[in-house]
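Notes for the structure review
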Amino acid sequence: MTVTVSGAPGALGERDLRRLAETVAFVRERSTGDALAAVVGGEPPACLVRHLEFGHAAVFVAAAPSGLIGVLARLGVDAREPGPGRVVRGRAGQELDVRVVRGAVGSREVRLLVPQEEMSEAEREAESHVAFRLGDDDEVVLRGVCATLQESGLTPDGGGHDGQDTTLYFRGTTRLAVQAPGHHADALEHHVGRPDQPRRSMLDLMTGAWRTRAVAAAAELGIADLLADGPLDTAELAARTGSRPDKLRRVLAYLAGLGVLGRDGERWSLTEVGTLLRGDVAGSQRDLARIYGGLFYRSFSGLEHAVRTGESGFRHVYGAQPFEHFAANPADARLFEGAMAAGTAFLGLVPGLLDLPDTGTVVDVGGGDGRLLDLVLAAGPGLRGVLFDRPHVAGAAAEVLARHGARASVVAGDFFHDPVPAGADLYLLSRIMHDWDDERCSTILRNVRAAMAEGATLAVVERPIQDDPRTLLPLAFNVHMMVNTVQGGERTTEEHRNLLAANGFALEDIRELPLDMAVLVARATV
């Protein structure tokens, strides 16, 4: 159905008419806070309500501009004659020529925008927006508002300057525009990027391997350890690392540009980031840098093979699966162990998230070297602990747990085949499930469930894939697991929930850890 406007050469479609009526009601009824809440998708931060004022709502429609005055009149809105205008479309900053019909709704406006080029209904809806004016021309306030909007989940979506105002667009549940008086060139460039930003961004992506190798080279050369006592110049670093000064200078300058090093002429120092490459600091990532820039850097050349065949990229490159390779290459095995220790620095926070009982028993299934169970027993002095893992791991774990005396024991076994120690109050599965597919994980979970009484707790430590696409680490590690294992991968929260439910557990809570890790707390059900 269409509503034909008397005297107009065109018609307004039912969908556009409905959107227009809804927009007029929105402008009439919503306060600034209510309008922001609708766009943000929740209670807006107080600073946004304080600095912004709801100004207008713009609706893209397909119709003859002259006929729209009558449509607005039927909705109780007095409108002006159509005039020319330009609107920035999308992140790329394409400018659209439009005809604008402005209608007053109290102190606000409804603006009908008629594009001078063809747009689909979906495109018209996507480009319609709600606009808020900034109360002053202070660029610090403007940047603060923009940062707050992004922290609230909105993403930059283009912007421009029309000779009078600077308009910055964001994408939330609908498109939002922030209009600031004056020309804010720096804020605009920061928001939309440079004119060559897409190509620059693609180059950054394609040269990521250069960053990885530069950081790895610094780790291999021991640069951070040499700078531990203070700045050194290029010549001294070259002499102490057996390097060519002119070549080393190029790498050091690149690392300074990446924020790993500080630079004062020819003297180099450590930044907070660079300090993590020292071998003697808590949370050192030196071995991680070496393995990601070495062993796993090379295995990633098998990514395309893994995608095409479903086989392990690591095996394609090295001729063996990782643990077979480590058994035959002790130096790589030691590096892997050091890297894994660095990659699990977050474990120190896990006991605080476990609601540990005063007394009882904790079983760490596949507990490896015993570090997590050691931390749990230290946090719960009234607890007993049992580490369950394969026989060749038992020796190292026993040494780590020895300080707890009779409170700690090690039981050798295979969680695929052997009975898991029964009757404990809390069971741990830390970074186990991401190594296996659903079928093998189901076997593990069923074996753990068989050992548990109804109502006992299972704590699963993993890196769940989140709904927010900006949270990249789980997505990156999902690819990493595909390359370096046959069956491994990260899972979404819902996939974890379903896998647990299928094997006798109800997921009750998710407790966040650094670096997008989490403790998934589940309860044994009937």
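Please refer to the structure higher up on the page.
This is a predicted model, so every value here is computed, not measured.

**A short note on the pairing of strand E19 (residues 457–462)**
For E19, a buried count of six out of six residues is recorded, marking the element as mostly surrounded by other parts of the structure. As defined by bridge partners, strand E18 (residues 426–430) adjoins E19 across five bridges and the pair is classed as parallel. Within the sheet, the bridge partner assigned to leucine 426 lies in E19 and is threonine 457. This β-α-β element, E18 to helix H21 (residues 438–451) to E19, shows right-handed connectivity. With six bridges connecting them, E19 and strand E21 (residues 518–524) associate as antiparallel partners. Within E21, the position partnered with leucine 458 by the bridge is alanine 522.

**Quick word on the pairing of strand E17 (residues 408–412)**
Bridge count for strand E16 (residues 383–389) against E17 is five bridges, and the pairing is parallel. Following the sheet pairing, phenylalanine 388 is matched in E17 by valine 411. Between E16 and its parallel partner E17, the chain crosses via helix H20 (residues 391–401), and the hand of that crossover is right-handed.

**What to know about the packing of helix H11 (residues 234–241) against helix H12 (residues 245–257)**
Contact pair H11 / H12: the axes reach a minimum separation of 9 Å and the direction vectors enclose 110°. In terms of their interaxial angle, H11 and H12 are classed as roughly perpendicular. Contact residues: H11 offers Thr234, Leu237, Ala238 and Thr241, while H12 offers Pro245, Leu248, Arg249 and Leu252.

**Some remarks on the packing of aromatic side chains**
The tally for this structure, following the rule as stated, stands at ten aromatic pairs. A centroid spacing of 6.0 Å and a plane angle of 75° characterise the contact between phenylalanine 323 and phenylalanine 326, whose relative ring orientation is edge-to-face. In this pair, phenylalanine 323 and phenylalanine 326 are both assigned in helix H17 (residues 322–328), three residues apart and thus about one turn of the helix distant. Overall, phenylalanine 323 belongs to the exposed group, its relative accessible area being 60%. Between phenylalanine 416 and tryptophan 436, the ring centres sit 4.9 Å apart and the planes meet at 90°, which makes this aromatic pair edge-to-face. Taken together, the residues span a long stretch of sequence, with phenylalanine 416 in the loop between E17 and E18 and tryptophan 436 in the loop between E18 and H21 at a distance of 20 residues. Owing to a relative accessible area of 11%, phenylalanine 416 belongs among the buried residues under this scheme. Relative accessible area serves as the criterion here: at 22%, tryptophan 436 is assigned to the partly exposed category.

**A look at a nonpolar patch on the surface**
A cluster of nonpolar side chains, Met202, Leu203, Leu205 and Met206, forms an exposed patch at the surface whose accessible area comes to about 450 Å². By secondary structure assignment, the location of methionine 202 is in helix H8 (residues 197–206). With a relative accessible area of 43%, methionine 202 lands in the partly exposed category.

**Quick word on the sheet that holds E16**
Pairing in this open sheet of seven strands is mixed, and the strands run E17-E16-E15-E18-E19-E21-E20 from one edge to the other. Edge positions in the open sheet fall to E17 and strand E20 (505–512), since each of these has one partner strand only. Averaged over all adjacent pairs, the angle separating strand axes in this sheet is 20°, with direction ignored. Sitting on the sheet, H21 touches strand E15 (360–365), E18, E19, E20 and E21, and the angle it makes with E18 is about 165°. Here helix H23 (residues 493–501) sits on the sheet and contacts E19, E20 and E21; the angle it forms with E20, its principal contact strand, is near 150°.

**Some details on unusual backbone geometry**
In this structure, aspartate 355 takes a positive phi of about 50° despite not being glycine. Checked against the element boundaries, aspartate 355 lands in the loop between helix H18 (330–343) and E15. Residue classification places aspartate 355 among the exposed residues on the basis of a relative accessible area of 59%. If you check the backbone angles, leucine 515 has positive phi at about 60° while not being a glycine. With respect to the element layout, leucine 515 can be found in the loop between E20 and E21.

**Some thoughts on helix H1 (residues 14–29)**
Taking 1.5 Å as the rise per residue, H1 with 16 residues should run 22 Å; its terminal C-alpha atoms sit 22 Å apart, in good agreement. Buried within H1 we find Asp16, Arg19, Leu20, Thr23, Val24, Phe26 and Val27. Viewed along the axis of H1, the buried residues span an arc of 160°, placing them on a single side of the element. Turned more than 90 degrees away from the buried face of H1 sit Glu22 and Glu29, all of them exposed.

**Structural notes on the packing of helix H6 (residues 139–151) against helix H7 (residues 185–192)**
At a minimum axis distance of 10 Å, the contact between H6 and H7 shows a crossing angle of 20°. If you check the angle between H6 and H7, you find them roughly parallel. The hand of the H6/H7 crossing is right-handed. Where H6 approaches H7, its residues Glu139, Leu142 and Arg143 are matched on the opposing element by Asp186, Ala187 and His190.

**Overview of the sheet that holds strand E12 (residues 232–233)**
Strand order in the open sheet made by the three strands is E12-E14-E13, with antiparallel pairing throughout. Whereas interior strands pair on both sides, the edge strands pair on one side only; in this sheet they are E12 and strand E13 (261–264). Inspection of the sheet shows E12 paired to strand E14 (residues 267–270) by two bridges, in the antiparallel sense. Pairing of leucine 232 across the sheet is with tryptophan 268, part of E14. Strands in contact with H12 are E13 and E14; relative to E13, the strand with the most contacts, it is inclined by about 110°.

**As for the side chain of threonine 23**
Mapped onto the elements of the fold, threonine 23 is located in helix H1. Residue threonine 23 is classed as buried on the basis of its relative accessible area, which comes to 14%. At 2.8 Å, the side chain of threonine 23 and the backbone oxygen of arginine 19 are in polar contact.

**Details of the pattern of salt bridges**
Throughout the structure, instances matching the rule amount to 33 salt bridges. With its nearest N and O atoms 3.1 Å apart, the salt bridge here joins arginine 286 to aspartate 225. Of this pair, arginine 286 sits in helix H13 (residues 286–292) while aspartate 225 sits in helix H10 (residues 223–226), and the two are 61 residues apart along the sequence. In this structure aspartate 225 comes out as partly exposed when scored by relative accessible area, which is 30%. Three or more residues are tied together by salt bridges with common partners; here these are Arg80, Arg102, Glu109 and Arg111.

About the cut-offs
Residues numbered from 1 in each chain as written. Predicted model: local features only at pLDDT ≥ 70, side-chain atom pairs only at ≥ 80, totals over all residues. Heavy atoms only, no water. Buried < 20%, exposed > 50% of the residue type's maximum accessible area, 1.4 Å probe, protein only. Helix = DSSP H or I, 4+ residues; strand = E, 2+ residues; numbered from the N terminus. Pairing = 2+ DSSP bridges. Right-handed = clockwise from strand over helix to strand, strands pointing away. Axes fitted to C-alpha atoms, helices over the stretch in contact; angles between N-to-C directions. Parallel < 35°, antiparallel > 145°, perpendicular 65-115°, else oblique. Contact = heavy atoms within 4.5 Å. Phe/Tyr/Trp six-rings, centres within 6.5 Å; stacked < 30°, edge-to-face > 60°. Patch = residues over 30% accessible without salt bridge, like charges linked within 9 Å, V, L, I, M, F, W, Y side chains within 5 Å. Areas by Shrake-Rupley, 256 points an atom, 1.4 Å probe, with all protein chains shown as cover. Salt bridge = Lys/Arg side-chain N within 4 Å of Asp/Glu carboxyl O. Expected span 1.5 Å × (residues − 1). Arc of directions from axis to C-beta. Left-handed = near helix turned anticlockwise from the far one by under 90°. Polar contact = N/O pair within 3.5 Å; in protein donor to acceptor, adjacent residues only side chain to side chain.

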